[in-house]
Amino acid sequence: MITDGATHQLLERCQAMAGTALPEEVRRRARHCLLDHLTCSLVGAQLDYVQPSFTATAPLSGQPEATTADGRRRSAFTTAYLNGESANALDYDDTLLGHPGAPIIAAALAVGERAGATLDDLITAIVVGYETHWLLARAASPSQARAGKVRGDGVFDAIAASLAAAAVTDASAQRLGRVMGVAGAQSCVPYVAKWYERPVPSVKNNAGWNAAAAVLAVDLADSGAVGLPDVLDGPAGFWLMAGSDRWRWDDTLAETVEPAILRTGFKRFPACWHTQQYLAVLASVLQHIPEGRAIRHIQVAGPQDLQKFAETRITGPADVAFSIPTLSALLAGGVEPGPAWVHPDTLASITSLTQRVMVSHTQQRSVTVTLDDEQSLRANVPEADFAYPHPFGLTEREVRDKFDRLVSPLLGADTAGALRESVIDTDGSQKLSEITAAMHR
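Residues numbered from 1 in each chain as written. Predicted model: local features only at pLDDT ≥ 70, side-chain atom pairs only at ≥ 80, totals over all residues. Heavy atoms only, no water.

> I would appreciate a short explanation of the packing of aromatic side chains in the present structure.
Any two aromatic rings considered together are summarised by their centre-to-centre distance and by the angle between their planes. Overall, the coordinates contain 4 aromatic pairs when judged by the stated rule. Between Trp247 and Trp249, the aromatic rings sit 5.5 Å apart at their centres with planes inclined by 15°, giving stacked as the arrangement. Arranged with centres 6.1 Å apart and planes meeting at 15°, the rings of Phe269 and Trp341 form a pair that is stacked. Here the residue Phe269 occupies a position in the loop between helix H12 (249-255) and helix H13 (273-286), and Trp341 occupies one in the loop between helix H14 (324-332) and helix H15 (344-349), the gap between them amounting to 72 residues. (Phe/Tyr/Trp six-rings, centres within 6.5 Å; stacked < 30°, edge-to-face > 60°. Helix = DSSP H or I, 4+ residues; strand = E, 2+ residues; numbered from the N terminus.)

> I'm lost on helix H9 (residues 173-186) in this one. Help?
In an α-helix, one turn spans 3.6 residues, which is why side chains three or four residues apart end up on the same side. Across its 14 residues, H9 extends 20 Å between first and last C-alpha, which sits within 8% of the 20 Å expected from 1.5 Å per residue. Buried within H9 we find Arg175, Leu176, Val179, Met180, Gly181, Val182, Ala183 and Gly184. Check the buried side of H9 and you find it contacts helix H1 (6-18), helix H8 (157-167), helix H10 (207-222) and helix H11 (238-241). (Expected span 1.5 Å × (residues − 1). Buried < 20%, exposed > 50% of the residue type's maximum accessible area, 1.4 Å probe, protein only. Contact = heavy atoms within 4.5 Å.)

> Sorry if this is basic, but what is going on with empty space enclosed by the protein here?
Inspection of every chain in the model, using the stated rule, returns 2 cavities of 30 Å³ or more. Quantified by volume, the largest cavity comes out at close to 50 Å³. Taken together, 11 residues form the lining of the largest cavity, with Tyr49, Leu90, Pro317, Ala321 and Val342 sitting closest to its centre. Residue composition of the lining of the largest cavity, by class: 9 nonpolar, no polar and 2 charged. Taken as a whole, the second largest cavity encloses approximately 40 Å³ of empty space. Every residue lining the second largest cavity is listed: Leu34, Leu38, Leu109, Leu122, Leu432, Ile435, Thr436 and Met439. Among the elements of the structure, helix H2 (24-44) and helix H19 (432-436) are those that each provide at least two residues to the lining of the second largest cavity. Residue contributions to the lining of the second largest cavity peak at 3 residues, all from H19. (1 Å grid on protein atoms, 1.4 Å probe; cavity = no way out; pocket = protein on both sides within 12 Å on 5 of 7 lines; lining within 4 Å. Points joined across faces, edges and corners; volume = space filled by probe spheres on them. Nonpolar A, V, L, I, M, F, W, Y, C, P; charged D, E, K, R; others polar.)

> What am I meant to see in the layout of surface pockets here?
A probe as big as a water molecule, rolled over the atoms, marks out the empty space that is left. Space inside the second largest pocket adds up to approximately 220 Å³. Of the residues belonging to the lining of the second largest pocket, the class tally is 7 nonpolar, 3 polar and 1 charged.

> Whenever I open this one, the environment of Ser41 confuses me. Can you help?
Residue position: Ser41 is located in helix H2. Along the backbone, Ser41 and Thr68 are 27 residues apart, and their C-alpha atoms lie at a distance of 8.7 Å. In this view, Ser41 contacts Ala69, Asn83, Ser86 and Ala87; residues no more than four positions away in its chain are not counted.

> Any chance you could explain the sheet that holds strand S6 (residues 357-361) here in plain terms?
Hydrogen bonds between backbone atoms are what pair the strands of a sheet, whose relative direction is either parallel or antiparallel. What the 4 strands build is an open sheet, ordered S6-S5-S7-S8; its pairing is mixed. Each edge of the open sheet is held by one strand with a lone partner, namely S6 and strand S8 (376-380). Pairwise comparison of adjacent strand axes, ignoring direction, gives a mean angle of 15° for this sheet. Note that strand S5 (residues 295-302) and strand S7 (residues 366-371) share 6 bridges and pair antiparallel. Bridging across to S7, His297 finds its partner in Thr370. Of the strands in this sheet, S5, S7 and S8 touch H13, which is tilted by about 30° from S7. Sitting on the sheet, H14 touches S5 and S6, and the angle it makes with S6 is about 135°. (Pairing = 2+ DSSP bridges. Axes fitted to C-alpha atoms, helices over the stretch in contact; angles between N-to-C directions.)

Structure follows, in structure tokens:
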């Protein structure tokens, strides 16, 4: 259905959300989205294959307006780009219909820090951004046949991140409308589903550019630039620009009763969300292996789509997140989830285990571990709801534990603890610059 008025309805919804006291459950979820984003960006910035992004953007650093994940201060534009790229680098960042946190939080945090905004301002902006991400990606979700050629999820995040970046300082309808129109012209479209093919390059998503484009859209709009009018509406609406073959706006509005951020899932492993349930079940099975017993082979079984993740050849670190044999071997080898999962030495050490992992095509989703005496341990894999991933991911307590485990070695336990407390346990009135100061080094 081609819906006229969708642009106006989205802006009204975002303005109302920004002008209303959000429920504590929603605010707490947004705080954990922020904490998980900081975890992933701080860790991601240390990876060798992310360093070219820092090198290439050095001439764009500009005035020190906001804090990048390597602890330096750069322009808001460059900061958004680098933090968006870093947050998505390990494929460990949160998920909804794509990777909302990387571009949305990177943009809103950079603009908010530059403007002297508070944590409360940022939390509201994050909720607005996730709402936009969900509504647009859900309404424009393509048919299965179309999705195999062009995906329309990530391309909406320049708009989602732009509205979040605008809302952190001024969520008036007029300003949001200007920013949204410019963001539509700045978005990268379409996003072709090349990630199904191997090898996967180190720069596999445009999360960094979506975040930077959001900052640019805000600054262009505030400088008087005029973008696309009613960007979502009509037969040539943004959904078509994004490569989708359908637009279900009214249905999506009707089904979105609670704030969309409550749907967000936090990853247990640095891997594609499509593999998370298989890995979680495998981790559980591995705990039941008697001491002293060796693994003969592991069989991961599921529908045809699982074959996209059956490749054992790893030609670059980004390939790891899409290889079930490699991911399974990392778990079976006892490697702690995190940056070690993409380290060349680690990958070399699990080569023999990787060769013992088989991916088979069956209708029943399952994981079977066969031991050296031919005893088999088997468990079924529940099917995750990709439109509501939260129940299948980490709990909020586990998100905090993930932060402590991965960030403490980088910042020190005391500094990391203070940063976590400032995000999760404060009243929200402190300036963002006071929070990001813990990242300076």
